[in-house]
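Chains, contacts and geometry: an overview
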Amino acid sequence: MHELTITESLLEIALRHAREAGATKITDLYLVIGQLSSVVDESVQFYWDIIAKDTPAEGALLHFQRIPTEIICLNCNNQYKPVDNQMACPRCDSISIKIISGEEFFLEAINVETD
Ligand SMILES: [Zn+2]
């Protein structure tokens, strides 16, 4: 039910922006999702179609942009993108690492129509 909660808050944000902009219809939502985030595009789309029904956001297109995972090694400062989910540093094998990107999930932009 993770995605349902997320989708509900997306809709809430989108509708609020549309109201503030005096828009009658929301046409597009641009979402940014980190590779490591557990959010599944299809689930968000699935819930969206249900909960956006009969709102100005009905039929809006959801665009998903995936952000690749990036890690910095705290041992040798090596910065890398993990391959095959191998999170350990490829240079020194350390697992003392920090995730720089890949966990984000946010709404980047909304397109609306006004009459
Ligand atoms: Zn390292």
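What this report covers is the structure whose coordinates are included nearby. For every chain, the first residue of its written sequence is number 1, and the numbers climb from 1 along that sequence. Only residues with pLDDT of 70 or above have their local features reported here, since the model is predicted, and side-chain atom pairs are shown and tallied only from 80 upward, although totals for entire chains, interfaces and linings are computed over all residues. Side-chain figures throughout are based on the complete set of non-hydrogen atoms in the structure, without hydrogens or water.

Quick notes on the overall build of the protein chain
Helix and strand counts for the protein chain stand at 2 helices and 6 strands. Taken from the N to the C terminus, the helices and strands of the protein chain come in the order α-β-α-β-β-β-β-β. Judged by the C-alpha coordinates and their principal axes, the protein chain covers about 60 × 25 × 15 Å. Each residue is placed in one exposure class: buried if its accessible area under a 1.4 Å probe, protein chains only, is under 20% of its type's maximum, exposed if it is over 50%, and partly exposed if it falls in between. Evaluated residue by residue, the protein chain yields a buried proportion of 33% over its 115 residues. Should any heavy atoms of two residues lie within 4.5 Å, those residues are considered in contact. Intrachain contacts of the protein chain at a sequence separation of at least 6 include 70% that bridge at least 24 residues. Taken together, the 8 basic and 18 acidic charged side chains of the protein chain have centroids lying 5 Å from each other. Where helices and strands are cited, they refer to DSSP runs of H or I of at least four residues and of E of at least two residues respectively, numbered from the N terminus. In this charge count, Lys and Arg are treated as positive and Asp and Glu as negative; neither His nor the chain ends contribute. Lysine's charge is taken at NZ, arginine's at CZ, aspartate's at CG and glutamate's at CD.

Here's the deal with the environment of Leu-31
Relative to the helices and strands, Leu-31 resides in strand S1 (residues 25-34). Distance from Leu-31 to Asp-115, taken between C-alpha atoms, is 25 Å for residues 84 residues apart in sequence.

Considerations on the coordination of the zinc ion
Each protein donor to the zinc ion is listed here as Cys-73 (SG), Cys-76 (SG), Cys-89 (SG) and Cys-92 (SG); together their distances run 2.3 Å. Sites may look incomplete because water is not among the atoms; the donors themselves are N, O and S atoms within 2.8 Å of the metal, or within 3.2 Å for Na, K and Ca. Any site counts as irregular unless it has four donors with all angles between 85 and 135 degrees, making it tetrahedral, or four or six donors with opposite ones more than 155 degrees apart and the rest between 65 and 115, making it square planar or octahedral. For the zinc ion, the 4 donor atoms in the first shell make angles of 104 to 117° at the metal, so the coordination geometry reads as tetrahedral. Within one chain, the residues donating to the zinc ion are spaced in sequence as C-x2-C-x12-C-x2-C. Separated by 19 residues along the polypeptide, Cys-73 in strand S3 (residues 70-73) and Cys-92 in the loop between strand S4 (79-80) and strand S5 (97-101) bring together distant segments of the chain.

As for the sheet that holds S3
Two strands qualify as a pair provided that DSSP identifies no fewer than 2 bridges between them. Read from one edge of the open sheet, 3 strands run S4-S3-S5, paired in antiparallel fashion. In this open sheet, the two strands that pair with only one neighbour each are S4 and S5.

What about the sheet that holds strand S6 (residues 105-113)?
If you walk across this open sheet you meet the 3 strands as S2-S1-S6, and the pairing is mixed. Here the strands that pair on one side only, and so sit at the sheet edges, are strand S2 (61-67) and S6. The average angle at which neighbouring strand axes cross in this sheet is 15°, direction not considered. For S1 and S6, the ladder comprises 8 bridges, and the chain directions are antiparallel. When the bridges of S6 are listed, Asp-28 appears paired with Asn-111. Axis angles are defined between N-to-C directions and span 0 to 180 degrees, where every axis is a line fitted to C-alpha atoms and, for a helix, only to the segment in contact. Sitting on the sheet, helix H1 (residues 2-20) touches S1 and S6, and the angle it makes with S6 is about 40°. In the packing of helix H2 (residues 41-51) onto the sheet, contacts are made with S1 and S2, and the angle to S2 comes to roughly 160°.

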